[in-house]
Amino acid sequence: MENNKLWAVNIPEEPDSEEILYPIPSKELGEQVVNRLRQEAIQVFETVGECIAEAITLEVWDGTTEEHAKHLAENPNWWNETTFLEDEVV
């Protein structure tokens, strides 16, 4: 059953903001992205990095299969471009 789930990375605007889910092709890739973004947040934001890092999570996609597929088609490889590193933000 878990193989049928669609996944998304939650990257909220602020640690206490509502979820903003970004579809990801697989749970494994989502876990890698979450770990990388958490490490970057801690590195870039000295005082609030831990709080920001905790807000970045892997979630089960709550939209439709079509919405998930459309987002991935319109934003190919977004997970490679998204970063907290100031000089590399796309």
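Residues numbered from 1 in each chain as written. Predicted model: local features only at pLDDT ≥ 70, side-chain atom pairs only at ≥ 80, totals over all residues. Heavy atoms only, no water.

**Q** For this particular structure, what's the right way to read the sheet that holds strand β2 (residues 21-24)?
**A** Strand pairing in a sheet takes place through backbone hydrogen bonds and is either antiparallel or parallel in direction. The strand order β2-β1-β3 describes an open sheet built from three strands, whose pairing is antiparallel. The open sheet has two edge strands, β2 and β3 (57-60), and neither has a second partner. Neighbour-to-neighbour, the strand axes of the sheet open up by a mean angle of 40°, direction not taken into account. The sheet contact formed by strand β1 (residues 7-10) and β3 spans four bridges and is antiparallel. For Trp-7, the partnering residue across the bridge sits in β3 and is Val-60. Contacts from helix α1 (residues 27-44) reach β1, β2 and β3, with the element oriented near 150° to β3. Lying on the sheet, helix α3 (residues 65-74) is in contact with β1 and β2; it crosses β2 at an angle near 80°. (Pairing = 2+ DSSP bridges. Helix = DSSP H or I, 4+ residues; strand = E, 2+ residues; numbered from the N terminus. Axes fitted to C-alpha atoms, helices over the stretch in contact; angles between N-to-C directions. Contact = heavy atoms within 4.5 Å.)

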